[in-house]
Amino acid sequence: MASAPPPPLVASICPPSFGKLTKHASPLWLGCHSDPGFVHTPRFFDANLVFNPALASGGCLAGDEFSENSDQVDSLLSYSLEALASSTEEPSGSEHVAHAVQNGIGPSGWTTRITGTGSAGLSLGTSFQTKPAMRLSLSGVGRAALVNRGFGSAGLRLLKDHAYNVEIWAFRSARVTLFAELRNWKTGAMLARAETLVQPTGPPWGATWKEYSFALTPSANTDCVQIPFGSEAGIDCGSARGDAHVCVRCDGELVVGIMTLKASPPTKTVDDAQSSHTQQFEADISWSLKKSFAGADGFRPEPNGVQLSIGYVSLMPGAWGRVAGVNGAPLPALKAAADVLRTMGTRVMRAGGTVSQSLRWKDWRGPPWTRPSSGHAWGRSLLAGWGPFEYVDLCNALGITPVLTLAYDANDADDWADLVEYAWGDATTTTWGRRRAADGHAAPYNVSAFELGNEQYNPFFVEQVAAMELRAKQLGAPPLRYIFPSTYNALPTDADLERMASLGLPFERILMDIHVGAGGALAVAKNLFSRTKYPIGAANLETNAGAHDLRRALLEAADVLAFFNAPAELSRRIWARTASFCSGASLQFDEFDQALSFSLPQMTWLQPPGHVHAMLAESWAETTLNSTLSRSDGGAVQDTAAFAAQRTENGARVILAVNRAAAPQAFSVRLMQGVAPAPTHNVTGMMRILTGGADSFDNSPDEPNRISPRNVAMVHVSGAGRQLDFVMPPFSFGISSF
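Cut-off values and rules
- Residues numbered from 1 in each chain as written.
- Predicted model: local features only at pLDDT ≥ 70, side-chain atom pairs only at ≥ 80, totals over all residues.
- Heavy atoms only, no water.
- Phe/Tyr/Trp six-rings, centres within 6.5 Å; stacked < 30°, edge-to-face > 60°.
- Helix = DSSP H or I, 4+ residues; strand = E, 2+ residues; numbered from the N terminus.
- Buried < 20%, exposed > 50% of the residue type's maximum accessible area, 1.4 Å probe, protein only.
- Lys NZ or Arg CZ within 6 Å of the ring centre and 35° of its normal.
- Pairing = 2+ DSSP bridges.
- Right-handed = clockwise from strand over helix to strand, strands pointing away.
- Arc of directions from axis to C-beta.
- Expected span 1.5 Å × (residues − 1).
- Contact = heavy atoms within 4.5 Å.
- Axes fitted to C-alpha atoms, helices over the stretch in contact; angles between N-to-C directions.
- Parallel < 35°, antiparallel > 145°, perpendicular 65-115°, else oblique.
- Left-handed = near helix turned anticlockwise from the far one by under 90°.
- Nonpolar A, V, L, I, M, F, W, Y, C, P; charged D, E, K, R; others polar.
- Disulfide = S-S within 2.5 Å.

Attention shifts here to the packing of aromatic side chains. Enumeration over the complete set of coordinates arrives at 29 aromatic pairs. For the ring pair tryptophan 29 and phenylalanine 563, a centre distance of 5.4 Å and an interplane angle of 70° mean the geometry is edge-to-face. Note that tryptophan 29 is positioned in the loop between β2 (23-24) and β3 (31-34) and phenylalanine 563 in helix α10 (residues 550-565), a separation of 534 residues in sequence. By relative accessible area, which is 2% here, tryptophan 29 ends up buried. On the numbers, 5.0 Å between centres and 85° between planes, the contact of phenylalanine 461 with phenylalanine 484 is edge-to-face. Highlighted residues: phenylalanine 461 in helix α7 (residues 461-475) and phenylalanine 484 in strand β25 (residues 481-484), separated in sequence by 23 residues. Of the two residues, phenylalanine 461 and phenylalanine 484, both sit in the buried class. An aromatic cluster is built from Phe128, Trp169, Phe171, Trp209, Tyr312 and Trp369, whose rings are joined through pairwise contacts. Here the basic side chain of arginine 573 rests over the ring of phenylalanine 529, its NZ or CZ set 3.8 Å away from the ring centre.

Attention shifts here to the pairing of strand β27 (residues 537-543). For β27, the tally of buried residues reaches seven of seven residues, placing the bulk of the element in the interior. Where strand β26 (residues 510-516) meets β27, six bridges bridge the pair, whose relative direction is parallel. Paired with methionine 512 across the two strands is alanine 538, which belongs to β27. Handedness of the crossover is the feature at issue here: the chain leaves β26, passes through helix α9 (residues 521-530), returns alongside β27, and the resulting connection is right-handed.

Our next topic: α9. Residues of α9 that are buried include every one of Ala521, Leu522, Ala525, Leu528 and Phe529, and no others. Each buried residue of α9 sits inside an arc of 125° when the element is viewed along its axis, so together they form one side. Those residues of α9 that are exposed and aimed more than 90 degrees away from the buried face are Ala523, Lys526 and Ser530.

Turning next to α7. Its 15 residues give α7 an end-to-end C-alpha distance of 21 Å, which sits within 8% of 21 Å, the value for a rise of 1.5 Å per residue. Buried residues belonging to α7 abut α5 (413-424), β24 (449-452), β25, α8 (494-502) and β26. Looking at the residues trailing α7, positive phi occurs at glycine 476, about 75°.

With that settled, the discussion passes to the packing of α5 against helix α6 (residues 431-438). The description of two helices packed together rests on the angle between their axes and the distance between the axes. At a minimum axis distance of 7 Å, the contact between α5 and α6 shows a crossing angle of 55°. Overall, the two elements α5 and α6 adopt an arrangement that is oblique. Crossing of α5 over α6 shows right-handed handedness. Contact with α5, carried on its side by Asp418, Glu421, Tyr422, Ala423 and Trp424, involves Thr431, Trp432, Gly433, Arg435 and Arg436 of α6 and no other residues of that element. A class-by-class count of the residues in the contact of α5 with α6 yields four nonpolar, two polar and four charged.

This part is about the state of the cysteines. Enumeration over the complete set of coordinates arrives at three disulfides. Here cysteine 32 connects covalently by a disulfide to cysteine 582, the sulfurs 2.1 Å from one another. Torsion about the S-S bond of the cysteine 32 and cysteine 582 cystine: about 95°, corresponding to right-handed handedness. One end of the pair, cysteine 32, is in strand β3; the other, cysteine 582, is in the loop between β28 (574-580) and β29 (584-585), and 550 residues separate them in sequence. Residues cysteine 32 and cysteine 582 agree in their burial class; the two are buried. Between the sulfur atoms of cysteine 237 and its disulfide mate cysteine 247 the distance is 2.0 Å. Because the sign of the S-S torsion sets the handedness, a value of about 65° for the bond joining cysteine 237 and cysteine 247 places this disulfide among the right-handed ones. Taken together, the residues span a long stretch of sequence, with cysteine 237 in the loop between β14 (224-227) and β15 (247-250) and cysteine 247 in strand β15 at a distance of 10 residues. The same class applies to cysteine 237 as to cysteine 247, namely buried. In the chain, numbering the disulfide-bonded cysteines from first to last in sequence yields the connectivity 1-6, 2-5, 3-4.

Okay, here's the thing in structure tokens:
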């Protein structure tokens, strides 16, 4: 026998005079948290498609030497000059395809490709920005190249007729041709190529570094296809974790290297119907070698061989694929990621986490090639170009409030004060403002919320905040917020609170950082506030639910509704709420599978919790109305149900309901006297519903919209507009406006 349906829930919307104040809903409760310590979260934003751009930093080739004659080179990929001379297509050359590992932190992302007699290895005697560079050597006609296929060596997704920007830092110690190519490694097709002649500026001990820039526009797309985990050598997709995590292979690659040729043949394009792709012979090495064998003029190898060291490589989409900054210039941030943040209505973003416990901000200012690069990683981050100030620029461009979390002990009180000046100081009259301008950012960084540590007791918090507050007043900076990185959501000691008071620090701008699971920050905040006489505030900056499925989405919705319904005296002291994480990767995932959105090289999409944020953003209302929720039979309301009612600035009413149970749940909403009725009655209104057959469902690349909102005619309005009845499906969240 089927069980009886649960009794209807009665939601009564009360007038403002009903016992409690009408509450303001802060848009900063609709935020997200990005932890750069997990490799899959910052990769969502970083526009540099190269994995490990600093080459040697993080274990490129493990410091080993690879050459044509090395027994470490796959012999099947070796080509002799005689074979080259008779070839009609460009071979892939001698390529070391095995992942190199150093210090146990994973693959370097780089392989070598040698044609002719040459080698590649770490140039320990030539450093670039304190890091060893990669040395390419040739002793005759040929070329030595480095190959990068992006994150996990899964390949690059390249778009036809879309420009990409390549930057290479090279040590000008020899006269040699430096080139950059975009290729389809699966078909062997050349998609785009550019080269330049490097002129030496001195002997190896006296030469100088220079940045070389190329614009490459692929002549064709590269495809991305799903493959079984572990099915192809050299591709690291991590481990399978459900249908939302997949392994893909994309066919694009970046090749940078040197060739001992003084000139290039004309560009020739040949249509090959047999191979179903067009192969471009622009400075094709096999053509060049055959011409040199035939005694052609203009192709002369250096008699004693050449060497060139490369220190940093970047490949980014042009302006079409990147976020425009406040000044209109493209940022090193992917437009696709920004579009997701806009869709979710993100209003505040916290950058930080456990990795922040080692972040010294002065190491992360200026150009990315000057930074520590791979020093911060749970797995294999190897990021230099995506740091605290890139987050701030992205947030500023999108109108999002940034929160920076940095190490409390690696930055002393003077460092924190200098950070305020670096962000807000005048570019011509202040020391750190001038340094900011010299770093390429004349305008101030609009950041006013700082967390001084992460999940640890900061014994220097008082001195650091005092120094920051003094510097901010000297600069005329806007009011700053200072976030205490509480251990286990604990208050500062009484002694530290007394010192804050004695120094006149602004308690209204000092916030406790509350870290919880899927919800519960309100109860923690209430407990904290009850244990101190000081008017300290709070921010819920981590919600570590550990999931991204429909169940997590419903918990997310219920928690936000709890924020809406919280007593005004409590909610007004909670400045922000950021859900963990803003983003995650479908492939190369490492830890904490709790992202609101997912990405692959060829696509981005929302997971169910991201849809909750998007629904809330679409129907955002500034004021929460007083309401009560009871069972029609007088029994206790289960925690699987939640309800809230709001009013927008233009007077529209919004009702929000959650049903986390496996059975349908009827709601009957009553508009009490003093609350304006619905404008129509005896009609069926629309509700936007997020639901699925099971709360374990999520969105996979094959079905990215499996769990996504839809409009359903299900709200019956009666009683002269004072009663609204609807039945929430199992596992559902819904919003209706009238």
